[in-house]
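Chain and residue survey
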Amino acid sequence: MSHDPSSRPSSAPSHPTRPAVPATSGLRRRTLFGATAASAGLSLAVTGAGAPAAVAAPAGGSPGAAVNGLPRALARRFARPTTATAAGFRWWWPHGAVSPAEVRREVDQVADAGFGVLEIADVTHSLRARDIEFDLERQGWGTPAWIAGVKAALSQGARRGVRIDLTVGPSWPAAVSTITPDDEAACAELAHGAAVVAAGAAYDGVVPPPVVEAAEAATRSELVAVQAYRDLGTVKAVTTLDPASRVDLTDRVADGRLAWTAPDDGPWVVLSYWRRGSAQEPEAGPHTSPRSYVVDHFSARGSGALIDLWQDRILDPQLRRLLGAAGGYLFEDSLEIETDATIWTPRMLEEFQKRAGYDLLPYLPVVVEAHEKYLYAFDPVVTTRVRDDFNQVLSDLYRDHHLLPVQAFARSLGMGLRVQPYGLETDTVEHSSLLDVPETESLGFKNLDDYRVMAGGRDMRGTTVLSCEAACYFGAAYQTTWDRALQTLNSIYAGGVNMAVLHGFAYADAPGVTWPGFAAFSPYYDGAVGYGEAWGPRTPQWRHVRDVADYLARTQLVLQTGRPVYDVVFLRQKGWTSTGIGAPWATNVGIPTGWTHSFLTPALLDLPRAKVSGGRLGPGGPSYKAMVIGPDQFRGGERTMAVATASKVLALARQGLPVVLLGDWSTAEPVGRAEPGETEELRGLLGELSVLSTTRQVLVDTEIPTALADLGVEPDVRHEASTVMTVRRRLGLTDLYYVANAKHAENRRLVRVTQDLWLTAKDRSAVPVRLDAWSGRATPVAVHERDGDRVRVGVDLLPGQSTIIALVPPARGRRSPSVRSTSAAAVLSDGHRLTVRAASAGDVETVRAGGGVVTTTVGRVREPLALEAWVLEAEDWRPGAAATQTVKPVVRVQLDALVPWSALPGLEDASGIGRYRTQVDLGGDWKRRADGAWLELGEVNDTFRVTVNGTRLDPADPLATTVDLGHLLTSGVNTIEVEVATTLINRLRTVTPEVYAVAPRQAYGLVGPVRLVPYVDTPLG
């Protein structure tokens, strides 16, 4: 991933945490992507703010029980999640300056915390910011010291069930120390020179030198061609040239000089083209001695140099064995090929001729760049088509000469390949379908459609995992709360992600670092607060991180179970991602009312799954109900399509796939430079498509839902317009719905959503079960309604919250009791009996599933109690004797009212663990079997745990600070404890003010107001 705000074979071997996958035969420079719980009816919802976020003893469903037909294996793994579906971390190392003993200790720390993946990555921006030098010959990437650390990680990972991933080279992009920029295996560029020659004037001098200077380390350049074109004028720094006027001057060059007289029909431009190495180094280098240079990602020589380095310098028999035992994936970050000239590869001209079918030389002026700007153009159509062909050839070369060879190498080691295959104008959708695991990133992606673009490739190939470099925020080092991270994670899960690699876990120490130890990105280059978080035992939140880890593992388990099912797929001309360009109708209208969608590019129509059965595209896979084909949003709304693509779409439509054409396709143009007769052939195919009974044409996207309805296509989920998003996965007759109040983009603001959802069931007799990913409990949803194959359930979701609803076949021979509606706070089911939960006294009316009304009289419910007096014992985390040591003196404070730590003497700048304790006397008439209570905590900064009378409640969702105490309260005096964890930023503001003083203090602790809100449970008569 980028951290510069201005930047831009045969089946895989089996692995305990990686499914085997079948054999497989962004923009140009990446730009930074850059009420109360007691209110009536609230707990009808299946999650979140009203229903308890943490339950001590729920009315139904023990962990692991097969509730109402929930598959037992799923229920068992959901109750006790394993590392097989656990989230993981980027594991930042200071090169080979690591101790095998410390490496093993850190693997244990991660395993004990419930995480299952560590990705070793050399990232040392913070050391560069401090001008700390390494002995790279002894401690650089790939040295014996580094290899010893890797072996320690792999051996301990095998013992603890933690998968160990390795970056393919030092930092990113992939680079090796065995080449120089002049080597043909090195990343290359095409630089152009230019000279203007007046009409009839003579040019006699050296060939125009490149307008972009070569890097110092690139010492050789090769003249590719010299051309002259008539100049038709310059507008907004782009010069239009007459392509018919081209004069090839290459053969007139002698001893580096050119002599030529321009015709007298206007001004001319002489263009020279020079191939040379770009001398790009991996991010934040040097990492090795000698220096590493980025390999050519578009040639076999580049991937060969990378593989040879591993074979010759890194791998030995022991490391190979360990990689097979605990190694998961080789990993490469996003495709950040940086040059101020034009991305190139030595055989580009030959490859372009072979793949695009014509000579690129006459069109070179329209593809050359300087400082990321095109300077020359022909007519707009030709210019656009040639650039598209150029980008497609680059995309195919990246696939054939980098991704597939490196993947084959990884598989030969018993591993797989995980890559962020974006950053240039390449087909990320196709590349996502080829990889063992495609990866996304929450920092770089602009909205959830960026994730859906990549999920489309995964789903049509039939692989399982879409990974994400997750929860990284600019300037948020040591101040990232789990509230923020969970809002991001829960949202990207709604976009198709089902594996989080958190950013990140830092190795403990490095030369010259200060407390609390080595952190990869903070301070950043200029001494600023850096990216992401340095999770681990150095942060107070780590005390509660097992709760979060289990939540993520359960959620990812569900999202990796079965297969995804969608409503609509959008066929788009280009597979670029990290652009924020999605499907406007789906974003604005479709998703808010329940529709789900994905994306395909033409390459995916060649996959075996690209067939139609029962009107569905991809049967046994994503099962799209309809395809929508719109204009090219990346090229001014042009309607373009390849002839081969039109032929495939026509065949699919004839097999019964509903197709919606957006706009007028009668004037469609082929993709790329058109061959004679190609335009007419394309329009003829689209004409045949347009008259099929399964095709509808609409002029504007607001007419898409009407067209879909006319084709009989309905969404699997229906609800009133809101920010609720769903993911449906099907496992046999069981439907799993992940439901989130999700952010389409990080900068969106959310509000609480309380509404009904109508969910489609595969089994028309299915009943809903709530899967609580925080506790691991599966509980029947007592309040629901059926209408054919749809089931109505309620959800109550705070901003960023999620829930999971399973629609499962009823248990054999019996059905869990249910009701249609109630005026109570909730109706609970244990699978046998129903219980009415009332938050106030009086008559409660409940409508049974069959329609009868039951009245339950509740004679008494205690009034809510404000809990204002607390005793706080706060650990004040401070630097110890060494950079990695922390002392934790305890400050004890008697509180008559709750306020942030920053308002308490002695804790103004403290960070750490706070333990709040209070007592409440409920008198002698509290009936434990009937009386219960919610605890409304109000504002809590970061994670927390609640204990009642010595019994700790189930883990609590930090996004929902109302928890259900169940029936743990007793008559007389009760003790309630709330343990709160903080970030480190408040203390670091004083310890390292030159970096962190710019950050505002966070309002740590239990801030409240806190209320105890009683309820009464009564059996439903």
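Residues numbered from 1 in each chain as written. Predicted model: local features only at pLDDT ≥ 70, side-chain atom pairs only at ≥ 80, totals over all residues. Heavy atoms only, no water.

Quick look at the overall build of the protein
Counting secondary structure elements, the protein contains 19 helices and 56 strands. Dimensions of the protein, computed from the C-alpha atoms along their principal axes, are close to 110 × 75 × 55 Å. By the burial criterion, 63% of the 1021 residues in the protein qualify as buried. By element, 50% of the accessible surface of the protein is carried by carbon and sulfur atoms, the whole surface being about 34,500 Å². When the 102 positive and 114 negative side-chain charges of the protein are each reduced to one mean point, those points stand 8 Å apart. (Helix = DSSP H or I, 4+ residues; strand = E, 2+ residues; numbered from the N terminus. Buried < 20%, exposed > 50% of the residue type's maximum accessible area, 1.4 Å probe, protein only. Areas by Shrake-Rupley, 256 points an atom, 1.4 Å probe, with all protein chains shown as cover. Lys, Arg positive; Asp, Glu negative; His and termini not counted. Charge placed at Lys NZ, Arg CZ, Asp CG, Glu CD.)

Observations regarding the confidence of the model for the protein
Predicted confidence across the protein gives a mean pLDDT of 92, with 93% of residues reaching 70 or more. In this model residues 2-65 is a low-confidence stretch, pLDDT under 50, and it forms 238 contacts with partners more than four residues away in sequence or in other chains. (pLDDT = per-residue confidence, 0-100. Contact = heavy atoms within 4.5 Å.)

Describing the packing of helix α2 (residues 100-112) against helix α5 (residues 144-160)
Look at α2 against α5: their axes get within 8 Å of each other, and the N-to-C directions meet at 35°. For α2 against α5, the interelement crossing comes out right-handed. Taking contact as the criterion, the partners of Pro 100, Val 103, Arg 104, Val 107, Asp 108, Ala 111 and Asp 112 in α2 are, on α5, Ala 148, Gly 149, Ala 152, Ala 153, Gln 156, Gly 157 and Arg 160. Across the contact of α2 with α5, the residue classes tally to 7 nonpolar, 3 polar and 4 charged. (Axes fitted to C-alpha atoms, helices over the stretch in contact; angles between N-to-C directions. Left-handed = near helix turned anticlockwise from the far one by under 90°. Nonpolar A, V, L, I, M, F, W, Y, C, P; charged D, E, K, R; others polar.)

Side note on the nonpolar core
Within the largest apolar cluster, 261 residues are counted, with the highest numbers of intra-cluster contacts made by Phe 115, Met 627 and Leu 935. No other element matches the 10 residues that helix α9 (residues 380-412) contributes to this core. In contact with Phe 115, not counting residues within four places along its chain, are Thr 83, Ala 86, Ala 87, Gly 88, Phe 89, Val 110, Val 162, Leu 502, Trp 542, Val 545, Ala 549 and Leu 552. Counting residues in each nonpolar core, the second largest holds 16 residues, with Val 717, Tyr 737, Ala 761 and Leu 797 among its members. (Core = buried A, V, L, I, M, F, W, Y, C linked by side-chain atoms within 4.5 Å.)

Examining the pairing of strand β20 (residues 499-506)
Most of β20 sits inside the fold, with 8 of its 8 residues counted as buried. Looking at chain direction, strand β1 (residues 88-93) and β20 are connected through 4 bridges and run parallel. Pairing of Phe 89 across the sheet is with Leu 502, part of β20. In this structure, strand β19 (residues 467-470) lies alongside β20, joined through 4 bridges in parallel fashion. Each residue of the ladder has a partner; that of Glu 469, found in β20, is Val 501. Crossover β19 to β20 through helix α12 (residues 482-494) is right-handed. (Pairing = 2+ DSSP bridges. Right-handed = clockwise from strand over helix to strand, strands pointing away.)

Here's the deal with the pairing of strand β34 (residues 777-780)
Neither face of β34 is exposed, since Arg 777 and Thr 779 on one face and Ala 778 and Pro 780 on the opposite face are all buried. Pairing of strand β33 (residues 767-772) with β34, which is carried by 4 bridges, proceeds in the antiparallel orientation. In the strand pairing of β34, Arg 770 is matched with Thr 779. Hairpin connection, β33 to β34: the antiparallel pair is bridged by 4 residues, and Gly 776 has positive phi, about 85°.

So, the packing of aromatic side chains
Tallied over the full model, the rule gives 34 aromatic pairs. Between Trp 901 and Tyr 1004, the ring centres sit 5.9 Å apart and the planes meet at 85°, which makes this aromatic pair edge-to-face. Of the two residues, Trp 901 is situated in the loop between β47 (890-895) and β48 (913-921) and Tyr 1004 in the loop between α19 (993-996) and β55 (1006-1008); the sequence distance between them amounts to 103 residues. Every member of this aromatic cluster is reached through a ring pair, and the members are Trp 92, Phe 474, Phe 521, Tyr 524, Tyr 525 and Tyr 531. Lys 888 extends its terminal NZ or CZ atom over the ring of Trp 877, reaching a point 4.1 Å from the ring centre. (Phe/Tyr/Trp six-rings, centres within 6.5 Å; stacked < 30°, edge-to-face > 60°. Lys NZ or Arg CZ within 6 Å of the ring centre and 35° of its normal.)

Considering the side chain of Asn 498
Here Asn 498 is to be found in the loop between α12 and β20. Assessed through its relative accessible area of 1%, Asn 498 is described here as buried. A polar contact is formed between the side chain of Asn 498 and the backbone nitrogen of Leu 466, at a distance of 2.8 Å. Within polar-contact distance, the side chain of Asn 498 engages the backbone oxygen of Leu 559 at 3.0 Å. In this view, Asn 498 contacts Arg 458, Thr 464, Val 465, Leu 466, Tyr 493, Gln 556, Leu 559, Gln 560 and Arg 729; residues no more than four positions away in its chain are not counted. (Polar contact = N/O pair within 3.5 Å; in protein donor to acceptor, adjacent residues only side chain to side chain.)

Brief notes about the sheet that holds strand β32 (residues 753-760)
Strand-to-strand pairing in sheets goes through backbone hydrogen bonds, with the strands running parallel or antiparallel. The strand order across the open sheet formed by 4 strands is β29-β32-β36-β35, and the pairing between neighbours is antiparallel. Looking along the sheet, the strands with just one partner apiece sit at the ends: β29 (717-718) and β35 (785-787). In terms of strand pairing, β29 meets β32 through 2 bridges, oriented antiparallel. Bridging from a neighbouring strand, Val 717 pairs with Leu 759 of β32.

Side note on α12
At 3.6 residues per turn, the α-helix brings residues three or four places apart onto the same side. The terminal C-alpha atoms of α12 lie 18 Å apart, and with 13 residues this matches the ideal 18 Å at 1.5 Å per residue to within 8%. Most of α12 sits out of view: 12 of its 13 residues are buried. Within the sequence span of α12, burial applies to Trp 482, Asp 483, Ala 485, Leu 486, Gln 487, Thr 488, Leu 489, Asn 490, Ser 491, Ile 492, Tyr 493 and Ala 494. Gly 496 lies just past α12 and shows a positive phi near 110°. (Expected span 1.5 Å × (residues − 1).)

Remarks on the pattern of salt bridges
In total, this model carries 68 salt bridges according to the counting rule given. Between Glu 351 and Arg 355 there is a salt bridge; the shortest N-O distance is 2.9 Å. Pair noted here: Glu 351 and Arg 355 are both in helix α8 (residues 348-356), with a separation of 4 residues, about one helical turn. Glu 351 gets classed as buried once you look at its relative accessible area, which sits at 8%. The class for Arg 355 is partly exposed, based on a relative accessible area of 28%. Of the charged contacts, one joins Asp 954 and Arg 777 as a salt bridge, the two residues approaching to 2.9 Å between their closest N and O atoms. With a gap of 177 residues between them, Asp 954 in the loop between β52 (951-952) and β53 (962-964) and Arg 777 in strand β34 connect regions that are remote in the sequence. There is no split in this pair, since Asp 954 and Arg 777 are both buried. Salt bridges here are not isolated pairs; linked through shared partners, they connect Arg 90, Glu 119, Arg 163, Asp 165, Arg 418, Glu 439 and Glu 469. (Salt bridge = Lys/Arg side-chain N within 4 Å of Asp/Glu carboxyl O.)

Overview of unusual backbone geometry
For the bond running from Trp 515 to Pro 516, omega is 10°, close enough to zero to count as cis. Assignment of secondary structure puts Pro 516 in the loop between β20 and α13 (545-559). Note the cis peptide between Ser 522 and Pro 523, where omega equals 0°. Relative to the helices and strands, Pro 523 resides in the loop between β20 and α13. For Asp 942, which is not glycine, the phi torsion reads 75° and is therefore positive. As for its placement among the helices and strands, Asp 942 is situated in the loop between β50 (939-940) and β51 (944-948). Look at Asp 942 and you get buried, because its relative accessible area is 0%.

Some thoughts on the state of the cysteines
Simply put, disulfide is the name for a covalent bond between the sulfur atoms of two cysteines. All told, the structure shown has 0 disulfides when counted by the stated rule. The structure places no disulfide on Cys 472, whose sulfur is separated from the nearest cysteine sulfur, that of Cys 468, by 10 Å. (Disulfide = S-S within 2.5 Å.)

Concerning the sheet that holds strand β31 (residues 734-741)
If you trace the 6 strands from one edge of the open sheet to the other, you get β21-β30-β31-β37-β33-β34, paired in antiparallel fashion. Each end of this open sheet is capped by a strand with a single partner; those strands are β21 (563-565) and β34. Averaged over neighbouring strand pairs, the angle between their axes works out to 30° when direction is ignored. Packing of α12 onto the sheet brings it into contact with β30 (724-731), β31 and β37 (802-808), and relative to β31 it is tilted by some 135°.

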